Amino acid sequence: MNQDTNRTPQHKTGSGFGKESTAAEVIAGIDLTGRTAIVTGGYSGLGLETVRALVSAGAQVLVGARRPGHAREILEGAGIHFALPAGAEGGTVSVGALDLADLASVTSFADNFLSASGESGAGLDILINNAAIMASPEHRVGPGWESQFATNHLGHFALTNLLWPALAAGRGARVISLSSTGHKLSPIRFDDINFDTGYDKWKAYGQAKTANSLFAVHLDFLGRDAGVRAFAVHPGGIMTELQRHLPREEMVAAGWMDQDGNVDARFKTPAQGAATSVWAATSPALEGMGGVYCEDCDIAEPTRTGSPEARIRGVDAHAVDPSDAARLWTLSAEMTGINAFG
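As the structure is a computational prediction, the values presented were derived from the model and not from experiment. (Residues numbered from 1 in each chain as written. Predicted model: local features only at pLDDT ≥ 70, side-chain atom pairs only at ≥ 80, totals over all residues. Heavy atoms only, no water.)

Participant: Can you explain the nonpolar core? Please cite residues and give values.
Facilitator: Ile-38, Leu-124, Leu-127, Leu-159, Leu-163, Leu-167 and Val-175 are the most contacted members of the largest nonpolar core, which totals 47 residues. If you list the elements that add at least two residues to this core, you get helix 4 (103–120), helix 5 (147–162), helix 6 (164–168), helix 7 (201–223), strand 8 (229–234) and helix 11 (322–336). Membership of the second largest hydrophobic core comes to 40 residues, among which are Tyr-43, Leu-75, Ile-80 and Phe-231. (Core = buried A, V, L, I, M, F, W, Y, C linked by side-chain atoms within 4.5 Å. Buried < 20%, exposed > 50% of the residue type's maximum accessible area, 1.4 Å probe, protein only. Helix = DSSP H or I, 4+ residues; strand = E, 2+ residues; numbered from the N terminus.)

As structure tokens, then:
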């Protein structure tokens, strides 16, 4: 089968939403009662707002967290229900231990979910691979994997494949992969994927974000016959815990904030940043679509190379290339030893 057959065009749809839309606005009127969702890192920044929106629409949301106790405290403080009073209807949240840099932890999280879903007979309707690290110091995990690629991509690759039985049992499940304009910083370095010949924190982040986009491209190709569709999402610039590895001086130099710490007006709020993930996960307008990169609550246009906005808008060709997506999938399966389609 040719991978270009039935591909969704990488062009705007005219969704009616935009850069300033919030997660609450894009999910208004959508009923997720009886639906099950997983959000990795769903207790801070974009993840917290994503969970808030899904629960508000009636979904049962499981948050994967490296620090489960801390996650529960944050979610409780945000007023998101872990249980509802007798007779009440609506969504709830629960928390499971998940360290994306540790394949044993990923396997345990997936096994626990599959066991519980098998007992309840419920599938998985929404998987939002939201957790990430950015521009971190050089660090190796597992068998020597570069940590940004391992955490942002390989951990989510393994998780999604392990959860495949539940996704296939869902009702038109959607998988959302959090990418960013960071993908413009580097394609996949197939000849040195772990930066063994010299580490650059921003190129490593860029490669990981390209991987997140390519993952959605090939998962959509593999999963569409089972009714599972995948989307890559750029949430926009948002000041969250993702910047924890960046000194203020670097963010000032980049124009993200001024010397007093005031964030540039171009940045979105967390509620606005979560909107594109929530839109891609729930919008009825995306039925029958998938395998595309989205931004500002719509499918993105290809990057206009050489334009003033080329660095901050659109998707570069290397991040949606079907051949590279298939090649990355094969490599990721070899690295993790996990492949639901092997």
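Participant: Outline the packing of aromatic side chains, supporting the account with residue identities and numerical values.
Facilitator: For the coordinates displayed, the defined rule picks out seven aromatic pairs. Centre to centre, the rings of Trp-202 and Tyr-205 are 6.0 Å apart; their planes meet at 85 degrees, and the pair counts as edge-to-face. In this pair, Trp-202 and Tyr-205 both sit in helix 7, three residues apart, roughly one turn of the helix. Aromatic pair Trp-329 and Phe-341: ring centres 5.9 Å apart, planes at 65 degrees, arrangement edge-to-face. With Trp-329 in helix 11 and Phe-341 in the segment after helix 11, this residue pair connects regions lying twelve residues apart in the sequence. The ring of Phe-195 has Arg-189 lying over it, and the distance from NZ or CZ to the ring centre is 3.7 Å. (Phe/Tyr/Trp six-rings, centres within 6.5 Å; stacked < 30°, edge-to-face > 60°. Lys NZ or Arg CZ within 6 Å of the ring centre and 35° of its normal.)

Participant: Give me the pattern of salt bridges: which residues, what numbers.
Facilitator: Under the definition given, this model contains twelve salt bridges. Across the salt bridge formed by Arg-52 and Glu-49, the nearest N and O atoms sit 3.3 Å from each other. Highlighted residues: Arg-52 and Glu-49, both in helix 2 (residues 45–56), separated by three residues, approximately one helical turn. Given a relative accessible area of 33%, Arg-52 falls into the partly exposed group. Residue Glu-49 is classed as buried on the basis of its relative accessible area of 18%. When the shortest N-O distance is used, the salt bridge between Arg-313 and Asp-296 registers 3.1 Å. Taken together, the residues Arg-313 in the loop between strand 10 (298–299) and helix 11 and Asp-296 in the loop between strand 9 (292–295) and strand 10 connect sequence positions 17 residues apart. It is possible to trace a salt-bridge network through shared partners that takes in Lys-268, Asp-296, Glu-309 and Arg-313. (Salt bridge = Lys/Arg side-chain N within 4 Å of Asp/Glu carboxyl O.)

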